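Structural description and commentary
Single-letter residue listing:
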Amino acid sequence: LGALLFAAPIFSQEHEVLAFTLQEQRSQVTKRLGPPAMVAANGDFESWQYQIGIEDQHEFSHQLLFRISTGELISFTRNYEPAVNVDTLFPEAESRVEHYPDADHSVMVMRVRQLSDGRVLLALGSSKAGEPASQLMLIRESELRHFYAWLEERLHTSK
């Protein structure tokens, strides 16, 4: 209980996603957030899931993904119900909108912001300012190829 109370200030911040550098080790995450509600491994990946500030115990509010072989934190995901406005995290001059597979046949849309330290911020389900997002993901740019290969290719093509 004490660990969850300690974690509360981090999760109550408006955009706690940027508080993560993705350099954190498991021990640092546990010290900061407390123990996860669930841990699941799949191949070389381990997912830590938290249920903080939600009423549906079948849903997770936060998910952290680690690479087992290196211990690296690969991504931090924050789920919102209901969706929230994330405009302050996506300044127009630093962001873009991406559709998969393309704008004419879009089955997935997200706002994308490349940060200077090798991290990429994604707002899933949001295609423009004022449109809320149901999920924010902070991911290492070097790991995009494993989860969003199409996006990684587009980001490298536009550089």
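Shown above is the structure to which this text applies.
Residues numbered from 1 in each chain as written. Predicted model: local features only at pLDDT ≥ 70, side-chain atom pairs only at ≥ 80, totals over all residues. Heavy atoms only, no water.

**A word on the environment of E24**
Along the chain, E24 turns up in the loop between α1 (2-12) and α2 (26-33). Look at E24 and you get buried, because its relative accessible area is 8%. Between the alpha carbons of E24 and G71 there is a distance of 9.1 Å; along the sequence they are 47 residues apart. Sequence-distant contacts of E24, that is, excluding residues within four places in its chain, are made with A19, V29, R32, F66, G71 and L73. At 2.8 Å, the side chain of E24 forms a polar contact with the backbone nitrogen of L22. Among the polar contacts made by the side chain of E24, one reaches the side chain of R32 at a distance of 3.4 Å. (Helix = DSSP H or I, 4+ residues; strand = E, 2+ residues; numbered from the N terminus. Buried < 20%, exposed > 50% of the residue type's maximum accessible area, 1.4 Å probe, protein only. Contact = heavy atoms within 4.5 Å. Polar contact = N/O pair within 3.5 Å; in protein donor to acceptor, adjacent residues only side chain to side chain.)

**Concerning the sheet that holds strand β3 (residues 62-67)**
The strand order across the open sheet formed by 8 strands is β1-β2-β3-β4-β8-β7-β6-β5, and the pairing between neighbours is antiparallel. Edge positions in the sheet fall to β1 (38-42) and β5 (95-100), since each has one partner strand and no second. Ignoring which end each strand starts from, the neighbouring axes of this sheet average 20 degrees apart. The strands touched by α2 within the sheet are β2 (45-50) and β3, with β2 carrying the most contacts at an inclination of about 5 degrees. With respect to the sheet, helix α4 (residues 149-157) is in contact with β5, β6 (108-114) and β7 (119-124), its orientation differing from that of β5 by roughly 135 degrees. (Pairing = 2+ DSSP bridges. Axes fitted to C-alpha atoms, helices over the stretch in contact; angles between N-to-C directions.)

**Quick notes on the pattern of salt bridges**
One pass over the full model with this rule turns up 11 salt bridges. Across the pair R140 and E72 runs a salt bridge whose closest N-O atoms are separated by 3.5 Å. Here E72 lies in the loop between β3 and β4 (73-84) and R140 lies in strand β8 (residues 133-140), a separation of 68 residues in the sequence. Across the pair E98 and R96 runs a salt bridge, and its minimum N-O distance is 2.7 Å. (Salt bridge = Lys/Arg side-chain N within 4 Å of Asp/Glu carboxyl O.)

**A look at the side chain of R113**
In this fold, R113 is placed in strand β6. Given the relative accessible area of 14%, R113 is considered buried. A distance of 2.8 Å separates a polar side-chain atom of R113 from the backbone oxygen of L89. A polar atom in the side chain of R113 sits 2.9 Å from the side chain of E94.

**Thoughts on the pairing of β6**
The element β6 is extensively covered by neighbouring structure, given that 5 of its 7 residues are classed as buried. Where β6 lies against β7, 5 bridges are found, and the strand directions are antiparallel. Each residue of the ladder has a partner; that of R111, found in β7, is A123. Counting the residues in the hairpin turn of β6 and β7 gives 4 residues, including G118, whose phi is positive at 85 degrees.

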